[in-house]
Amino acid sequence: QVQLVESGGGLVQAGGSLRLSCAASGRTFSTYAMGWFRQAPGKEREFVAAVSGSSTFKKYADSAKGRFTISRDNAKNTVLLQMNSLKPEDTAVYYCAAGATTATQLSLGPAYIYWGQGTQVTVSS
């Protein structure tokens, strides 16, 4: 069992930055791929970024490439999402997820087993 708690969301102006953090419980953290997904009001959940257990593989949604960076610290059971150059369309609830996925499944929501409660990110124009 893995419990995930996100933090770091908030209100920021367009062009600003936020760093989301996800703290995970459990001693098997390094065996899971970690992903960030988001869901905006009235829209379906979408993939943002993911990193494999050993950080060998990273994957980003096209909307996140060049602006967001995912990283993880297995010693601290944490995964970070650094978000720069934020846009109003980045406004959403951001969810951290953990799953025993292969590199080809990193962007697939159903491949993830555990999910956090989410943290709100609001970008004003």
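Data block above holds the structure.
Note that the structure is predicted; figures quoted are calculated from it, not measured.

(A) Molecular detail of the pattern of salt bridges. Evaluation of the coordinates by the stated rule reveals four salt bridges. One salt bridge in this structure joins D90 and R67, with 2.7 Å as the shortest N-O distance. In this pair, D90 sits in the loop between strand 8 (78–83) and strand 9 (92–99) while R67 sits in the loop between strand 6 (58–60) and strand 7 (68–73), placing the two residues 23 residues apart along the sequence. Pair check on accessibility: D90 and R67 agree, each one buried. Through salt bridges that share partners, R38, E46, R67 and D90 make up one connected network.

(B) Summary view of the sheet that holds strand 3 (residues 18–24). The four strands lie next to each other as 1-3-8-7, forming an open sheet whose pairing is antiparallel. Looking at the sheet topology across the chains shown, the edges are occupied by strand 1 (4–7) and strand 7. Across this sheet, the average inter-strand angle for adjacent strands is 15 degrees, counted without regard to direction. Of the strand pairs in this sheet, strand 1 and strand 3 are connected by four bridges, and their pairing is antiparallel. Looking across to strand 3, one finds that E6 is bridged to C22.

(C) Local environment of the nonpolar core. By size, the foremost hydrophobic cluster in this structure holds 29 residues, and its most contacted members are L4, M34, W36, L81, M83 and Y94. Contributions of two or more residues to this core are made by strand 3, strand 4 (33–39), strand 5 (46–51), strand 7, strand 8, strand 9 and strand 11 (119–124). Among the nonpolar cores identified, the runner-up in size contains nine residues, and F47, A50, A61 and A111 belong to it.

Rules used throughout
- Numbering of residues starts from 1 in every chain and runs along the sequence as written.
- Thresholds applied to this predicted model are a pLDDT of at least 70 for local features of residues and 80 or more for the giving and counting of side-chain atom pairs; totals over whole chains, interfaces and linings are not thresholded and use all residues.
- To get the side-chain values, take all heavy atoms of the structure and skip hydrogens and water.
- Definition used for salt bridges: Asp or Glu carboxyl oxygen within 4 Å of a side-chain nitrogen of Lys or Arg.
- Counting from the N terminus, the helices are the DSSP runs of H or I reaching at least four residues and the strands are the DSSP runs of E reaching at least two.
- Relative accessibility under 20% of the residue-type maximum defines a buried residue, over 50% an exposed one, and the middle range a partly exposed one, all with a 1.4 Å probe and only protein chains included.
- DSSP bridges decide pairing: two strands pair if at least two such bridges lie between them.
- For helices, the fitted axis covers only the stretch in contact; all axes are lines through C-alpha atoms, and the angles between them, taken along N-to-C directions, range from 0 to 180 degrees.
- By convention a nonpolar core is built from buried Ala, Val, Leu, Ile, Met, Phe, Trp, Tyr and Cys residues, the set being connected through side-chain atoms within 4.5 Å.

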